[in-house]
Every structure is written in structure tokens, then in C-alpha cells.
Amino acid sequence: MVSFYVLPHAKEIYAPIAGAIDSIFPTKHAFTMKTDSGISILVHIGTDTVQLEGIPFELSAKEGDYVKPGDLLGTTDFEYIKDKGKGTEVYVVFPELDDSKELTLTKRDRVSSQDVIGTI
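Small disclaimer: the values here were computed from a predicted structure and weren't measured. (Residues numbered from 1 in each chain as written. Predicted model: local features only at pLDDT ≥ 70, side-chain atom pairs only at ≥ 80, totals over all residues. Heavy atoms only, no water.)

## Comments concerning the pairing of strand β4 (residues 30-34)
With respect to burial, β4 is a largely interior element, four of its five residues being buried. What sits between the antiparallel neighbours strand β3 (residues 19-24) and β4 is a turn of five residues, in which lysine 28 has the positive phi angle 60°. Sheet analysis places β4 next to strand β5 (residues 40-47), joined by five bridges and oriented antiparallel. When the sheet's bridge partners are listed, phenylalanine 31 is paired in β5 with valine 43. Hairpin connection between β4 and β5: a loop of five residues separates the two successive antiparallel strands, and glycine 38 in this loop has a positive phi of roughly 90°. (Buried < 20%, exposed > 50% of the residue type's maximum accessible area, 1.4 Å probe, protein only. Helix = DSSP H or I, 4+ residues; strand = E, 2+ residues; numbered from the N terminus. Pairing = 2+ DSSP bridges.)

In C-alpha cells, the structure reads:
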């Protein structure tokens, strides 16, 4: 398993890769995607945010949608998350990535929805 996180500076959540939305958790705090080449990813918005029962999350994407990097998936009220004492990191997890594939990331202080920050 390989993962990284970003610290958001805006309320919008954008697709990190091209692929299909496989599933969205009922509390809207996380969703899974699969690339055309079969790589699965999990995007998890915040730390311990499942306990917020979906309140700060508004998703515009739905299961089965095909998205491209930078497509808007929804918005999050990060101030609400902070007020509830939860973390605001947005995690991108590759649960099935093994040694046959390598994730290379470029660390940046600030990125936009169109910036490429990694390759597999």
C-alpha cells in the first residue's frame, strides 16, 4: 500500500486521476476510484471524519461517473471539520500498489487542480 496526503487550501475536491468512481461511502467522506489500467485508489477527506455523518461534504460526482484529473468531485466545509476537532488532510491511498509499480511524487508547497504531482 502506498499513500500521500494534501493539505487543502480551498473547499473544492478534485479528481486526482482519470478513472471511474467505484463507490462513495454513505457519509461522503471517502470514495474509491479505478483507473483504465486497473489501479484502485481511495480518497479519504479528513481524519476521523466518518464521525461527522456526512454533514460537511457535498459531492457532485456519483458512483459510475468517469472523471479526469482536475474534474470537480464536490466541496467540503473544512472549517466545520476543524471546529469539530478533526484533521483536514485529504488522503490518496493506493491499497493494491505493489513493488511492480512505482509512485513518484513531486513535493510542492501549493498545487492547483491541474498540477501533476505524481506518476505511476
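## Focus: the sheet that holds strand β8 (residues 72-76)
Spatially, the three strands line up as an open sheet ordered β2-β8-β6, and their pairing is antiparallel. The outermost strands of the open sheet, each flanked by one partner alone, are β2 (12-14) and β6 (57-59). With strand direction ignored, the average angle separating the axes of adjacent strands in the sheet is 25°. Of the pairings in the sheet, the one linking β6 to β8 comprises three bridges and is antiparallel in character. The residue bridging leucine 59 from the neighbouring strand is glycine 74, located in β8. (Axes fitted to C-alpha atoms, helices over the stretch in contact; angles between N-to-C directions.)

## Regarding the side chain of lysine 86
If you trace the backbone, lysine 86 turns up in the loop between α1 (78-83) and β9 (87-94). With no salt bridge to any partner, buried lysine 86 finds its closest opposite charge in aspartate 48, at an N-O distance of 5.1 Å. In this structure the side chain of lysine 86 is engaged in a polar contact, spanning 2.4 Å, whose partner is the side chain of glutamine 51. Aside from chain neighbours lying at most four places away, what touches lysine 86 is Thr47, Asp48, Thr49, Gln51, Leu52 and Ile81. (Lys, Arg positive; Asp, Glu negative; His and termini not counted. Salt bridge = Lys/Arg side-chain N within 4 Å of Asp/Glu carboxyl O. Polar contact = N/O pair within 3.5 Å; in protein donor to acceptor, adjacent residues only side chain to side chain. Contact = heavy atoms within 4.5 Å.)

## Thoughts on the sheet that holds strand β1 (residues 2-6)
Picture the strands of a sheet paired through backbone hydrogen bonds; they go either parallel or antiparallel. As summarised here, the arrangement of the six strands in space is β1-β9-β5-β4-β3-β7, forming an open sheet in which the pairing is antiparallel. Sheet topology places β1 and β7 (66-67) at the edges, where each strand pairs with a single neighbour.

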